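# Secondary and tertiary structure notes
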Amino acid sequence: MSANETILEVNDLKMYFPVTKGLLGKKVADVKAVDGVSFQLSRGETLGLVGESGCGKTTTGRCVLRIYRPTSGTIIFDHDEISNLSENEFRPYRKKISFIFQDPFSSLDPRQSAGSIVGEPLKVHHLVKSRAEYKERVEELFRMVGLDPMMANRVPHEFSGGQRQRIGIARALACDPSLIVCDEPISALDVSIQAQIINLLEELQAGNKELSYLFIAHDLAVVRHISDRVAVMYLGRIVEMTDSNELYQNPLHPYTRALLSAVPIADPAVEEKRERIILKGEVPSPLNPPSGCHFHLRCQLASPECSEAAPQLKDVGNGHKVACLKV
Amino acid sequence: MAALLTVKGLQTHFNTDRGIVKAVDGVSYHIDPGETVGVVGESGCGKSVTQLSVLQLIPSPPGKTVGGEVVFEGRNILEYEANGAQMREIRGGKIAMIFQEPMTSLNPVLTIGRQLTEMMELHQGMGKAEARARAIELLGMVGIPDGAKRIDNYPHQFSGGMRQRVMIAMALSCSPKIVIADEPTTALDVTTQAQLLELMQNMMRRLGSSLVMVTHNLGVVARYANRIYVMYAGRIVESGDAKEIFGHPKHPYTIGLLSCVPRLDECGKKERKLVPIQGMPPALINMPKTCAFLPRCAYRTARCEQEVWPELRPVADRHYVRCFDDIGQANVCK
Amino acid sequence: MAEAGAVTETIGQAATQARVTEARRFWRVFMSRSLVRIGMVIIVALIITAIFAPILAPYDPYAQDLSQTLANPNTKHWLGTDSLGRDTLSRIIYGSRTSLMVGLVAVVVAAAIGMTLGLIAGYYGGWINPIIMRFVDGLLAFPMILLALAVAALLGGGIRNVIIALGVSLVPVYARLMCGQALTVKENDYVTAARAIGASNARIMLVHVLPNCFPPLIVLMTMMMGMAILAEAGLSFLGLGIKPPGAAWGAMVSDGYQLLLTNPILAFAPGVAIMLTVFAFNMVGDGLRDALDPRLRGTL
């Protein structure tokens, strides 16, 4: 297996949630949470998915995890098309596609012990043959994420936020996955704890070169730090995707620029010289997105043709892709 | 220039069945007219409790401000009855507060207009019509278009960002001398955060008010604050001008905070590994007399383990640090 | 509110370090109110009485002593005797067996059926939910006593039929509560996480959803015990419950009620027993609700 082999390929993914009304549940509209998203992820790579709330980044992740069944589009994981599999057909893939959720409080069952949370995937997929092997594997997972195996009998609320997220990571690693969808894994944690978790995720990947992350977050600095490539989403679509350094040094899409300029840098000397782009208005509702380019209502560069057709994601060189007519 | 607000040795304790939590343990600071002050720290460091104590908003029991004074306009306002007329006049009228969660800070069953005009009628003795006209004007000032129509809407009809704009309008309605913003944009997206912070900064300049910005986000403070207080375990561990603090951080905790957060303008994991602060913040119960940061400190010496945690001492012009040693680390981010 | 948030923040920090076990906290909150403690004492006493009734009762509750009919309380018969000369105290002691058994079995049966229906309706949702819940709503439309009367009229009296009648009439209450609980619990990330692991629906329901729905259901079961005991007494009073000569508090009130003016103790004594029992279960239910309230977790 080469390092550049594609592990995940998402093509024109759409996820619409019907809005129903009345007793009979008549469909009156669709929330277009994800509206034609395509990207590829190589083995051992980290792809960051950034955007503001409601941009569809979490929904995209949940489609890959098949928590949602996509409305249309294909998801190819390790050469297999998985978007249309039934729950039973998909179950074997759940060993290979794992996840870390945002909230270390609600993503762990409060009535299970830490040990049984971490060991649950092993039981579900019958990966251990004996009680002793199970215990040994759980202890190994605890040590991998820097937790003391002696604490396996405690329940989640006896752990701190950072420790809870470590339990979540240990659970994600239980079946030795090749892809982990990390959905805002650090945003609920204190700043001094965030770095511990980021470093842990990086160390795990350094120890297993085949491990890929789909890293979903709204914190651009963190995404830049951890990702090899970054995709920026706005209202259900990817507007820009490129190498993470390139994105920060040479952002091309007007939305990416505004987003980057909105993130303050912890250095007043740098802040004095930075350009600040303050966007007008708010993100429109995905129930009724603007025609054409979804961003045109708030865009400084917008012209009439921007409201006509949705711009395609086009390569402007070196794998830097932008969806904007003005670039 | 005389300080607008001076806090001296403020102590707020909470009684729990595990013991007394010293959430704020001897905090002194001041706010000058027209400046923006950042109060930075992690959750549980006492930054919010300090601000609530100043306005006597600590729920009691279990909390109680047991010591210190808060001097505002020449009077120690801690002596006022917590819900008395004098305190109410200060709260909202002269010192306004903006909370983190705009949904729960607004009453869901009253219109925005009612909530806005109530304050003005109460504090400034305006008539109904006058207050309403002023409320519509305020909504326009905070960037809510079509205020005349929106004023009769209920909070749930606004988005999170819009609700926080309403909160800002409410805070500013009586032209306060000081606005205390407790994590005002933490629950919001970055572009909305930028919109609101910019708005707040402009409004403060217009009114000539001082802004106290309580946050864990170092970037926000770097962008907007003139002066910064860094809090840890219920005390101020470092204070000074923003440029000084970020350019020459002296306290190990400040240095730790700056080096554990990835910065947007620096390269990724291949170039710099983040340096986390080990361990966790202390529980603030039965704290030892020594430095509270000691168990997590990368620079600790034998002296730290033997002697009592020192008071803040000056290290440069208007730059104070609560540490024995001169830890000279130029900008950690370079 | 933000103020409260700041406080929980501080206290939460403390909680992670100074570790207090959940069980200890539970007992402390539970036992903190004196009414709850009294309720617990009554219930424990009631259970002991029911178990050791043959030892505790001074007389055979069915033995008639026609020479001692309608005796007033005296040193031999502390609570007097009824019109057939049976010792009232012994009959109350034996009656506790009937009450507790009817209450317990009816509540457990109702809870088992109701919770299963509610769990399935709440967890699966979709078209299953309205079908189950409309049926349950239909049952709920009948008052409990009326439903029990209908069952008793259909199947006749007797302890078994009383239990069936009460059980059926309590099913909807559990089904509704369970359905609501399941709907809330299944939205938690840990349920989504279990799905993403590949756990089957049965496993998610039994391992993750059901245990997290329990606290309010336990409270409800306790309170329903009191209600079921009261309803059993009501049915017995109406003559649809326990057949004579069986000892049941409701039937005793019914018998004594005819002699209320001459021998008030005959109706009052079992009446007080019913009252104390129902009160005790309600108090304990209240205490459980406070102790299991997640919002109070980490405080007190």
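Please read these numbers as outputs of a predicted model, since none were measured by experiment. (Residues numbered from 1 in each chain as written. Chains lettered and ligands numbered in written order. Predicted model: local features only at pLDDT ≥ 70, side-chain atom pairs only at ≥ 80, totals over all residues. Heavy atoms only, no water.)

To continue, consider the overall build of chain A. Counting its secondary structure elements, chain A contains 10 helices and 12 strands. Here the C-alpha radius of gyration of chain A, 21 Å, is about what a compact globule of 327 residues would show, namely 20 Å. With respect to the principal axes defined by its C-alpha atoms, chain A has extents near 70 × 60 × 45 Å. In chain A, which comprises 327 residues, the proportion classed as buried is 57%. Counting only contacts in chain A whose residues sit at least 6 apart along the sequence, the fraction spanning at least 24 positions is 64%. For chain A, the computed accessible surface area is about 13,200 Å², with 50% contributed by carbon and sulfur atoms. Seen as two clouds, the 38 positive and the 41 negative side-chain charges of chain A have centres 5 Å apart. (Helix = DSSP H or I, 4+ residues; strand = E, 2+ residues; numbered from the N terminus. Rg over C-alpha atoms; globule rule 2.2 N^0.38 Å. Buried < 20%, exposed > 50% of the residue type's maximum accessible area, 1.4 Å probe, protein only. Contact = heavy atoms within 4.5 Å. Areas by Shrake-Rupley, 256 points an atom, 1.4 Å probe, with all protein chains shown as cover. Lys, Arg positive; Asp, Glu negative; His and termini not counted. Charge placed at Lys NZ, Arg CZ, Asp CG, Glu CD.)

Through backbone hydrogen bonds, the strands of a sheet pair up, either in parallel or in antiparallel fashion. Residues and elements named next belong to chain A. Read across the open sheet, the 4 strands follow the order E2-E1-E4-E5; overall the sheet is antiparallel. The sheet is open, and its two borders are formed by strand E2 (26-42) and strand E5 (80-81), each paired with just one other strand. As paired strands, strand E4 (residues 72-77) and E5 are joined by 2 bridges and run antiparallel to one another. Note that in E5 the partner of Phe77 across the bridge is Asp80. Along the sheet face, helix H1 (residues 57-64) touches strand E1 (6-21), E2 and E4 and points at about 115 degrees away from the line of E1. (Pairing = 2+ DSSP bridges. Axes fitted to C-alpha atoms, helices over the stretch in contact; angles between N-to-C directions.)

Turning our eyes to something else, we now look at the sheet that holds strand E2 (residues 19-31) of chain B. Residues and elements named next belong to chain B. Sheet architecture is open: 4 strands sit in the order E2-E1-E4-E5, paired in antiparallel fashion. The sheet terminates laterally at E2 and strand E5 (75-76), the two strands that pair on one side only. Here strand E1 (residues 5-16) pairs with E2 via 10 bridges, running antiparallel. Counted as the bridge partner of Thr6 is His30 from E2. Strand contacts of helix H1 (residues 47-54): E1, E2 and strand E4 (63-72), with the helix running at about 110 degrees to E1, the strand carrying the most contacts.

On to the domain arrangement of chain B. All names here are of chain B. Split into domains, chain B comes out as domain 1 (5-225) and domain 2 (235-321). Listed per partner, the contact involves 19 residues of domain 1 and 13 residues of domain 2. Both faces considered, domain 1 and domain 2 share a buried interface measuring about 1,300 Å² in area, 62% of it formed by carbon and sulfur atoms. The largest share of the area that domain 1 buries against domain 2 comes from Asp25, Glu42 and Leu218, three residues that together contribute 38% of it. On the surface where domain 1 and domain 2 come into contact, there are 2 salt bridges. We note a salt bridge from Arg296 to Glu42, for which the minimum N-O separation is 3.8 Å. When contributions to the side of domain 1 that touches domain 2 are tallied by element, the ones reaching two or more residues are E2 and helix H9 (218-224). The greatest single-element share of the side of domain 1 that touches domain 2, amounting to 9 residues, is contributed by E2. Looking at side-chain class alone, the side of domain 1 that touches domain 2 contains 10 nonpolar, 5 polar and 4 charged residues. (Domains from an automatic or database assignment. Buried area = accessible area lost by both parts, 1.4 Å probe. Salt bridge = Lys/Arg side-chain N within 4 Å of Asp/Glu carboxyl O. Nonpolar A, V, L, I, M, F, W, Y, C, P; charged D, E, K, R; others polar.)

A few words now on helix H8 (residues 159-185) of chain C. End to end, H8 of chain C covers 37 Å across 27 residues, agreeing with the expected 39 Å (1.5 Å per residue, within 8%). Helix geometry: H8 of chain C is bent most strongly at Leu170 of chain C, by close to 30 degrees, with proline Pro172 of chain C lying one to four residues after it. (Expected span 1.5 Å × (residues − 1). Bend = angle between axes of the 7 residues up to and from the residue.)

All right, on to the interface of chain A and chain B then. The accessible area lost on association of the parts is a frequent measure of interface size. Taken together, the contacts link 45 residues of chain A with 48 residues of chain B. Across the chain A/chain B interface, buried area totals approximately 4,100 Å², and carbon plus sulfur atoms make up 56% of it. Counting every contact that joins chain A to chain B gives 4 salt bridges. Note that Arg263 of chain B and Asp267 of chain A form a salt bridge whose closest N and O atoms lie 3.7 Å from each other. Linking chain A with chain B are 15 residue pairs in polar contact (both at pLDDT 80 or more). Elements with a contribution of two residues or more to the side of chain A that touches chain B: helix H6 (191-207), helix H7 (220-226), helix H8 (244-249), helix H9 (254-262) and helix H10 (268-273) of chain A. The biggest single contributor to the side of chain A that touches chain B is H6 of chain A, with 10 residues. When grouped by side-chain class, the residues that make up the side of chain A that touches chain B number 20 nonpolar, 11 polar and 14 charged. (Polar contact = N/O pair within 3.5 Å; in protein donor to acceptor, adjacent residues only side chain to side chain.)

Time to look at the domain arrangement of chain A. All names here are of chain A. One can read the domain layout of chain A as domain 1 (6-96 + 177-191 + 203-322) and domain 2 (107-176). With centres defined by C-alpha atoms, the gap from domain 1 to domain 2 works out at 30 Å. On the side of domain 2, 11 residues touch domain 1, which itself brings 11 residues to the contact. For the pairing of domain 1 and domain 2, the buried interface totals around 890 Å² over both sides, and the portion due to carbon and sulfur atoms is 70%. Three residues, Lys95, Pro177 and Leu204, lead the burial of domain 1 against domain 2; their summed loss comes to 53% of the area buried on that side. Across the domain 1-domain 2 interface, the total number found is 0 salt bridges.

Bringing the confidence of the model for chain B into the picture now. Summary statistics for chain B give a mean pLDDT of 86 and a share of 96% for residues scoring 70 or more. When the criterion is pLDDT under 50, residues 330-334 of chain B qualifies, and its contacts beyond four places in sequence or with other chains add up to 12 contacts. (pLDDT = per-residue confidence, 0-100.)

This next bit is on the packing of helix H10 (residues 201-237) of chain C against helix H11 (residues 249-257) of chain C. All names here are of chain C. Closest axis-to-axis distance for the H10/H11 pair is 6 Å, and the angle between their directions is 40 degrees. Here H11 runs oblique to H10, going by the angle between their axes. You can see that H10 and H11 cross each other, and the crossing is right-handed. Contacts from Ala233, Ser236 and Phe237 in H10 reach Gly250, Ala251, Val253, Ser254 and Tyr257 in H11. (Parallel < 35°, antiparallel > 145°, perpendicular 65-115°, else oblique. Left-handed = near helix turned anticlockwise from the far one by under 90°.)

As a further point, take the pairing of strand E7 (residues 178-182) of chain B. Every regular strand shows the same layout, with side chains that alternate between the two sheet faces. All names here are of chain B. Counting buried residues in E7 gives 5 out of 5 residues, a clear majority hidden from the surface. Going residue by residue along E7, you find Ile178, Ile180 and Asp182 tucked away on one face and Val179 and Ala181 tucked away on the opposite face as well. Bridge analysis of strand E6 (residues 95-98) against E7 gives 4 bridges, and the strand direction is parallel. Opposite Met97, over in E7, you have Ile180 as the bridge partner.

All names here are of chain C. There is a patch of nonpolar side chains on the surface, built from Val44, Ile47, Ile48, Ile51, Phe52, Ile55 and Leu56 and spanning about 650 Å² of accessible area. When residues of the nonpolar patch are traced back to their parent elements, those giving at least two are helix H3 (34-51) and helix H4 (53-56). Looking at the nonpolar patch, the element that brings in the most residues is H3, giving 4 residues. Relative to the helices and strands, Ile55 is located in helix H4. (Patch = residues over 30% accessible without salt bridge, like charges linked within 9 Å, V, L, I, M, F, W, Y side chains within 5 Å.)

Let us look at the pattern of salt bridges. Overall, the coordinates contain 40 salt bridges over all chains when judged by the stated rule. Of the charged contacts in the structure, one is a salt bridge between Arg289 of chain C and Asp286 of chain C, with a shortest N-O distance of 2.7 Å. Taken together, the residues span about one helical turn, with Arg289 of chain C and Asp286 of chain C both in helix H12 (residues 265-292) at a distance of 3 residues. Of the residues examined, Arg289 of chain C reaches a relative accessible area of 45% and is grouped as partly exposed. By relative accessible area, Asp286 of chain C is classed as buried at 19%. A single network of salt bridges, built from pairs that share partners, joins Glu5, Arg43, Asp78 and Glu210 of chain A.

Scanning the entire structure with this criterion turns up 15 aromatic pairs over all chains. An angle of 80 degrees between the planes, with centres 5.1 Å apart, marks the rings of Phe17 of chain A and Tyr68 of chain A as edge-to-face. Residue Phe17 of chain A is found in strand E1, and its partner Tyr68 of chain A is found in the loop between H1 and E4; the two are separated by 51 residues along the sequence. Residue Phe17 of chain A is classed as partly exposed on the basis of its relative accessible area, which comes to 26%. Taking relative accessible area as the criterion, Tyr68 of chain A reaches 26% and is therefore assigned partly exposed. These aromatic residues form a ring-pair network of at least three members: Phe77, Phe90 and Tyr93 of chain A. It is Arg62 of chain A that lies over the ring of Phe101 of chain A; its NZ or CZ is 4.9 Å from the centre. Above the face of the Trp309 of chain B ring, Arg322 of chain B is positioned so that its terminal group lies 5.0 Å from the ring centre. (Phe/Tyr/Trp six-rings, centres within 6.5 Å; stacked < 30°, edge-to-face > 60°. Lys NZ or Arg CZ within 6 Å of the ring centre and 35° of its normal.)

Now for unusual backbone geometry. A negative phi angle characterises most non-glycine residues, just as the trans form characterises most peptide bonds. For His79 of chain A, which is not a glycine, the phi torsion comes out positive at approximately 75 degrees. Positionally, His79 of chain A belongs in the loop between E4 and E5. With a relative accessible area of 60%, His79 of chain A lands in the exposed category. The backbone of Ser175 of chain B shows a phi angle near 45 degrees, a positive value even though the residue is not glycine.

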